[in-house]
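Structural overview for review
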Amino acid sequence: MTGNKFLKVTVVIILTSFITGCWDSVEIQQRTMILSVALDKPESNNEEDRYDMTIQIAEPNALTEKPIPGTEPVWNLSTTCPSLFQCVRDNATEVARPSYYGHLQIILIGEELAMEEGIVDSLDLFFRDHEMRRRTKLIIVKGKAKDALETKHPLIPISGQYISDLTQEAVNKTALIPITFTVGQFSSEHESGADLLLPIVYVRGNHVDMSGGAIMREGKLIGFLTGEEVKLLRVVEGTFKKGAHISSSDKKNENEPSSTFEVKGMRSIIHTRIKNDKPEFKVEVLVEGHLAEDGFKGLISEKKIKKMENELNKKIKNDTLEFIKKMQDEYQADVFGFGEKLRRHEYKYWKNVKGNWEEAFAEAKIEMEVNTSIRRYGRIKK
Amino acid sequence: MMIKDKITTAQLAVTIVSVMVGVGILSYPGPVAEEAGVDGWIGIIISGIISLFSSFLIISLGKKFQYQSLVDYGPKLVGRYINIIIMVCFILYFLTFVSMVVRISADATKMFLLDQTPVEVILLGILIMSTYLVVHGINPIARFNESLQPGIIFILIVVLLLTLKDADFGRNLPVLGDGVVPVMKSIPKILFSFLGFELLFFLLPFLMDKGKVKRILSVGIIVVTLFYTFIMVLSISVLGHKEVVILEYPTIALVKNIEVPGTFIERLESIMMFVWIPFSVTTVVIFLYGASLLTSGLLKLEEHRTVSLLLFPIVFLMAVLPENVLQVSYIAEKTSYAGIGLSFGLPLILWSIYGLKKGMKLL
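Sequence order sets the numbering: in each chain, residues are counted from 1 along the sequence as written. Working convention: letters from A go to chains and numbers from 1 go to ligands, in the order in which they are written. Note on the predicted model: pLDDT of at least 70 is required for a residue's local features to be given, and 80 or more for side-chain atom pairs to be given and counted; whole-chain, interface and lining totals, by contrast, use all residues.

1. Let's talk about the overall build of chain A
Put simply, DSSP marks the helices as runs of H or I at least four residues long and the strands as runs of E at least two long, and each gets a number from the N terminus on. When helices and strands are tallied, chain A shows 12 helices and 13 strands. Residue burial is a threshold on neighbouring C-beta atoms within 10 Å of the residue's own C-beta, all placed from the backbone, with 20 or more meaning buried, 12 or fewer meaning exposed, and counts in between meaning partly exposed. By the burial criterion, 38% of the 382 residues in chain A qualify as buried. Two residues form a contact once the distance between their C-beta atoms, set from the backbone, is within 7 Å. At a minimum sequence separation of 6, the contacts of chain A that also span at least 24 residues come to 69%.

2. A closer look at the overall build of chain B
A tally of helices and strands in chain B yields 15 helices and zero strands. As a reference, a globule follows 2.2 Å times the number of residues to the power 0.38, and the radius of gyration itself is taken over C-alpha atoms. Relative to its length of 363 residues, chain B is compact, with a C-alpha radius of gyration of 20 Å against a globular reference of 21 Å. If you line up chain B on its principal axes, its C-alpha atoms span 65 × 45 × 35 Å. Within chain B, the fraction of its 363 residues that count as buried is 50%.

3. Looking at the pairing of strand 6 (residues 137-142) of chain A
Residue and element names in this part refer to chain A. With respect to burial, strand 6 is a largely interior element, five of its six residues being buried. Sheet topology note: the strand 5 (residues 106-110)/strand 6 ladder contains five bridges and is parallel. Across the sheet, I106 pairs through a bridge with K137, a residue of strand 6. In this structure, strand 6 lies alongside strand 7 (residues 196-204), joined through three bridges in parallel fashion. Bridge pairing in strand 7 links K142 to Y202. Paired strands are those between which DSSP finds at least two bridges.

4. Focus: the interface of chain B and chain A
On the chain A side, the residues contacting the 21 residues of chain B number 16 residues. The set of elements that each furnish at least two residues to the side of chain B that touches chain A consists of helix 5 (80-112), helix 11 (241-246) and helix 12 (250-256) of chain B. All amino acids are sorted into three groups, where Ala, Val, Leu, Ile, Met, Phe, Trp, Tyr, Cys and Pro are nonpolar, Asp, Glu, Lys and Arg are charged, and the leftover types, Gly among them, are polar. When grouped by side-chain class, the residues that make up the side of chain B that touches chain A number eight nonpolar, seven polar and six charged.

5. Regarding the confidence of the model for chain B
Per-residue pLDDT for chain B averages 85, and the proportion of residues at 70 or more is 96%. At the level of chain-chain contacts, confidence expressed as ipTM amounts to 0.78, with global pTM at 0.84. Per-residue confidence from the predictor is reported as pLDDT, a score between 0 and 100.

6. Let's talk about the packing of helix 5 of chain B against helix 14 (residues 305-320) of chain B
Residues and elements named next belong to chain B. Interaxial angle, 0 to 180 degrees, is taken between N-to-C directions of lines fitted to C-alpha atoms, where a helix line uses only the stretch in contact. Helix 14 packs onto helix 5 with a crossing angle of 55° between their chain directions and a minimal axis gap of 8 Å. Of the possible angle classes, the one that applies to helix 5 and helix 14 is oblique. Note that helix 5 runs across helix 14; the crossing there is right-handed. Two secondary-structure elements touch here, helix 5 through L95, T96, V98, S99, V102 and R103 and helix 14 through L311, I314, V315, M318 and A319. Tallied by class, residues from the contact of helix 5 with helix 14 come to eight nonpolar, two polar and one charged. Orientation labels follow simple angle bins: below 35 degrees gives roughly parallel, above 145 gives roughly antiparallel, 65 to 115 gives roughly perpendicular, and whatever is left gives oblique. Definitions for this section: a left-handed crossing has its near helix turned counterclockwise from the far helix by less than a right angle. A right-handed crossing has that turn clockwise.

7. As for the nonpolar core
Under the definition applied here, buried Ala, Val, Leu, Ile, Met, Phe, Trp, Tyr and Cys residues are grouped into a nonpolar core through C-beta atoms within 7 Å. In this structure, V98(B), V102(B) and L288(B) are the most contacted members of the largest nonpolar core, which totals 113 residues. At 15 residues, helix 13 (residues 269-298) of chain B tops the list of elements feeding residues into this core. With near-sequence residues (within four places) excluded, V102(B) lies in contact with L123(B), I126(B), L127(B), V284(B), V315(B) and A319(B). With 93 residues, the next largest nonpolar core counts L35(A), L138(A), F361(A) and V370(A) among its residues.

8. Quick word on helix 6 (residues 159-174) of chain A
Along helix 6 of chain A, the residues classified as buried are S159(A), G160(A), Q161(A), Y162(A), I163(A), S164(A), L166(A), T167(A), A170(A) and V171(A). Looking one or two residues beyond helix 6 of chain A, the residue adopting positive phi is A175(A), at roughly 60°.

9. Thoughts on the environment of F274(B)
Residues and elements named next belong to chain B. In this fold, F274 is placed in helix 13. A tally of 15 C-beta atoms within 10 Å means that F274 is categorised as partly exposed. Sequence separation between F274 and N83 is 191 residues; the distance between their C-alpha atoms is 40 Å.

10. Section: the environment of S55(B)
Residue and element names in this part refer to chain B. You can see S55 is positioned in helix 3 (residues 40-64). Judged by the 27 C-beta atoms lying within 10 Å of it, S55 is buried. The sequence separation of S55 and L70 amounts to 15 residues, and the corresponding C-alpha distance is 14 Å. In this structure, S55 is in contact with F197, L200, L217 and I221, ignoring residues within four places of it in sequence.

11. Brief notes about unusual backbone geometry
Residue and element names in this part refer to chain B. The omega torsion of the bond from L173 to P174 falls at -10°, within 30 degrees of zero and hence cis. Tracing the sequence through the fold places P174 in the loop between helix 7 (138-161) and helix 8 (181-194). Even without being glycine, Q66 reaches a positive phi, approximately 55°. When you line up the elements, Q66 lands in the loop between helix 3 and helix 4 (70-78).

What follows is the structure, encoded as structure tokens:
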């Protein structure tokens, strides 16, 4: 009987060791959260070193309301090394706490690295490691990537957070950066073999300016687009959504104010057709929104609204066609996803051309049809 | 063999659903997209129909023998010795399958949740729990599935619906762009994910009322088919078919895409793991039960309890044996081919033998 009791107690004691859990737990204060990573080509002449990796470590209290006085909110730490994983491990020799990449918000890549080496090799770690998320933002920096992390926004103490918030804002509100801005989206598009755009950021003294796109082909940077051009790209894609604006240029003389139209919604339909063994695309864009500014050019009337709509149609159409022409002639880069449309709707033809789609795209005939609707004109009738 | 506990038809259906939806749920879109590209969903629907057909064959065959288990009616059909061979095949298949499922789930758990826990400890955790349940017989297992499975399928669907924002369903076009050949090639790989209904060979005697078994079971298999189709279409819509091919766990990548607005911490893949571990545990439990049931039936034992405890170390050793993830998937693939033979081939063969013997008036 006593032996039986002893056995029971032993079993219970052994079993408790299984339910303690948290074998792998690391307390949150013990971790250093890496919020941003900047990758550059190293300046040193050491042949072995391929990357110059700057990590931004945020002081955990700086994320909350009460930062500890006397501590800097962020610490930027640079290391050069042959592979990124080695960089991460090398950093451990300088940072006292284990670093954690699970909340990595943003990866900044310097222009030089993106242009010469391409970014796919360097992103391997970010795809492979289980800590990384697909939502991490991926941004090209004109110039040195680490300079963008060195900026000090007067209101947001952590520069990585600042750039990350800015991206979110820019993609939704201004339409000046492309919609492919995360590691996951990059990976999907890159794997499908398409050319794509990534957002680009310019360092301006103590802040940054995010507008425009970097054209990526097979993971390499091949050219830049301005913010206005990216806007036109998003017209073609139909992703140019609320908040953004278009100014129409119906000025009769220099001093006359131009009208501005605020976009509230947009949709695009791309029709594909094969004619004489050449692809033809017809882009149908439906835009709707408000009149934002008109410069008091006279009373609003049905006729005037119609006239403005026509002018907008013409302007959007001409600008977009001009931009498409530029992409066809200068870069042969199909960042619009016309190739994907062919794959979906004209698969037989696509199988033949996908090997040299760049040339086929350059010769494709593209038509635009824009239909703008001005729904409201605001509080005044003038 | 004495039968002590019974299950209802609905419980049987839930049990079959739980055993079919298993570890593959995280990874199957990859191999399917590799073969069939964007047409994987067609393959899944065809495979669902094949599974339905096979399970009907098994049930009808059982019906001819008063819903006995294959262990009992096998000798009448194929003779004693061939029946023993079939049973041994089943036992080996069940045991290897269980070991691989346990290993795969332990590996994934280690990768995503328990980074520094030795894989053996995770294996032990899952196996001890499963064996505990197996020892208690089919009714507790069925109740376990019944209480767990609907909930986790619901949570999984809710989590996956959050990805709809990023989904572009046009990515699933064109339909049959490369013809039917790639779809046909993908079917064996999809059938892996449908394995499990072969347990019907042995579970029929436990049924309380045998009337509506076909109807309720088809509901179960249709649910599984729709569920798989949904995940397949969603992964391609969100990730694109080329990306799905290179990912080890496309379904987790899908969840990693989710962004919950306004939160700093947005790691839904832990919910995913929370959902997925029960999926694999239910599979393990039922296969382990199947193995112990067969072994005890073969050895003419009264019940399976002792056998299931004896199988425990064998499964554990088989699970720790492979050296890396690639070996595991190699063995898993080979086992699954054996499983396809036993689940889709065997019913056909048994039916033809039955037909022949009936024709020759031997039965």
